[in-house]
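# Remarks on the overall topology
Below are the chains, spelled out letter by letter.
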Amino acid sequence: MMERRWEPGGPLDVGLALAPHRRGSGDPTWRQAPDGAVWRTSRTPDGPGTLRVGVHGGAVLGRAWGPGAGWLLEMMPAWLGADDDVSGFAVRHEVLAEAARRHAGLRIGRTGRVMEALVPAVLEQKVVGREAWRAWRWLLHRYGRPAPGPAPEGMRVVPEPEVWRQIPTWHWHRAGAEAVRARTIATAAWHAAKLEAAATTEELDRLLRALPGVGVWTSAEVRQRALGDPDALSVGDFHLAKLVGYALTGEKTDDPGMLRLLEPYAGHRHRASVLVMLTGLRPPARGPRMSVRDYRSF
């Protein structure tokens, strides 16, 4: 076990900073303890590791296990938003200002791990969250490794790129992921080294969108998490434009409308969209919800 204390130098909500990496309540890579500490697994450049992050006496205390422990502790401040630059961000809507006051500890972190963000993002393409999260859990329990250290029961570490490339079609089917998403993940895994080495969000966006099956939405979802891009807006999301429109104008809107509304936040449009989510404002639900499909029965 290795340990590190870090002074964040301002308000920090550990759970909020790490929440974007949680893929559903049963995510095998993410757990939150009763005291608010967060457990997170990762396949680092040095190997698998488990990180436990909590706050003690105003400082962040990180403990890590496994071959990747040192790397995780070195990256811990970045994961928690130490590199998050809010310069140029000015709140122009009172509802967002109120959300910013209530969540002063909001920071956008970066993990530096592209495949760990890409695989679940691809699984979430054009399906409801519960369907994607079910596939993520199945694949992690089948192909992931047990988390190092005294991690909560059932935690797993994501597999290596070569494992994603070799998953047979019938196991993708059992997970509930159809051939298109399976092929996208396998193709990305062939280029994992190049993706992980991308130095800027612009370079990573170019590399990602050159892959078959990866578009604007998926690229943004990956860059938000892996590189902490505060402007990577999830255009094409099933819900986001409606939420932005309703929170800022009282009326739902579409993607072009969302882009117009968030134009004053250029450079920080993802940050603004996170604040929209934190307002809790939701348009009235009308009509049937998108149903959960089960490809295993097809």
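Throughout, residues of each chain are indexed from 1 in the direction in which the sequence is written. Only residues with pLDDT of 70 or above have their local features reported here, since the model is predicted, and side-chain atom pairs are shown and tallied only from 80 upward, although totals for entire chains, interfaces and linings are computed over all residues. Water and hydrogen atoms were dropped before computing side-chain values, which therefore reflect all heavy atoms in the structure.

Looking at an unreviewed UniProt entry, the protein carries the name 3-methyladenine DNA glycosylase/8-oxoguanine DNA glycosylase, with the source organism given as Nonomuraea roseoviolacea subsp. carminata.

## Considerations on the layout of surface pockets
Empty space within the second largest pocket amounts to approximately 190 Å³. Whether a set of points on the 1 Å grid over the protein atoms alone is a cavity depends on a 1.4 Å probe fitting there but being unable to get out, while an open set qualifies as a pocket with protein on both sides within 12 Å along at least five of seven lines; lining residues are those with an atom within 4 Å of a point. What lines the second largest pocket is a set of 13 residues, among which Thr169, Trp172, Ala179, Ala182 and Arg183 lie closest to the centre. With four residues, helix H8 (residues 179–190) is the largest single contributor of residues to the lining of the second largest pocket. Any residue that is not Ala, Val, Leu, Ile, Met, Phe, Trp, Tyr, Cys, Pro, Asp, Glu, Lys or Arg is counted as polar, Gly included; the first ten are nonpolar and the last four charged. Of the residues belonging to the lining of the second largest pocket, the class tally is eight nonpolar, two polar and three charged. Grid points are joined across faces, edges and corners, and a volume is the space filled by probe spheres set on the points. Helical segments are the DSSP runs of H or I of at least four residues, strand segments are the runs of E of at least two, and each set is numbered from the N terminus.

## Let's talk about the packing of helix H4 (residues 114–123) against helix H5 (residues 129–143)
Here, axes are lines fitted to C-alpha atoms. For helices the fit covers the stretch in contact, and angles between N-to-C directions go from 0 to 180 degrees. In the contact formed by H4 and H5, the axes pass within 8 Å of each other and the chain directions differ by 130°. The angle between H4 and H5 falls in the class oblique. For the pair H4 and H5, contact is made by Glu116, Val119, Pro120 and Leu123 and by Ala132, Ala135, Trp136 and Leu139, respectively. Residue classes in the contact of H4 with H5 are distributed as seven nonpolar, no polar and one charged. Any angle between 65 and 115 degrees counts as roughly perpendicular, while under 35 counts as roughly parallel, over 145 as roughly antiparallel, and the rest as oblique. What makes two residues a contact is simply this: any of their non-hydrogen atoms within 4.5 Å.

## Regarding the pattern of salt bridges
As a working rule, side chains carrying opposite charge can pair if their charged atoms are close by. Just to be clear on terms, a salt bridge is a Lys or Arg side-chain nitrogen sitting within 4 Å of an Asp or Glu carboxyl oxygen. This structure, assessed with the given rule, holds 18 salt bridges. A salt bridge links arginine 63 to glutamate 3, with the nearest nitrogen and oxygen atoms 3.0 Å apart. Pair noted here: arginine 63 is in strand S5 (residues 59–65) and glutamate 3 is in strand S1 (residues 2–6), with a separation of 60 residues, a long-range link. Two residues, arginine 43 and glutamate 160, come together in a salt bridge whose shortest N-O distance is 3.8 Å. With arginine 43 in strand S3 (residues 38–44) and glutamate 160 in the loop between strand S7 (156–157) and helix H6 (161–166), the pair connects residues that are 117 residues apart, well separated along the chain.

## Notes on the side chain of histidine 21
Mapped onto the elements of the fold, histidine 21 is located in the loop between helix H1 (14–18) and strand S2 (30–32). Sequence-distant contacts of histidine 21, defined by excluding residues within four places in its chain, comprise Asp27, Thr29, Trp30, Arg40, Thr111 and Arg225.

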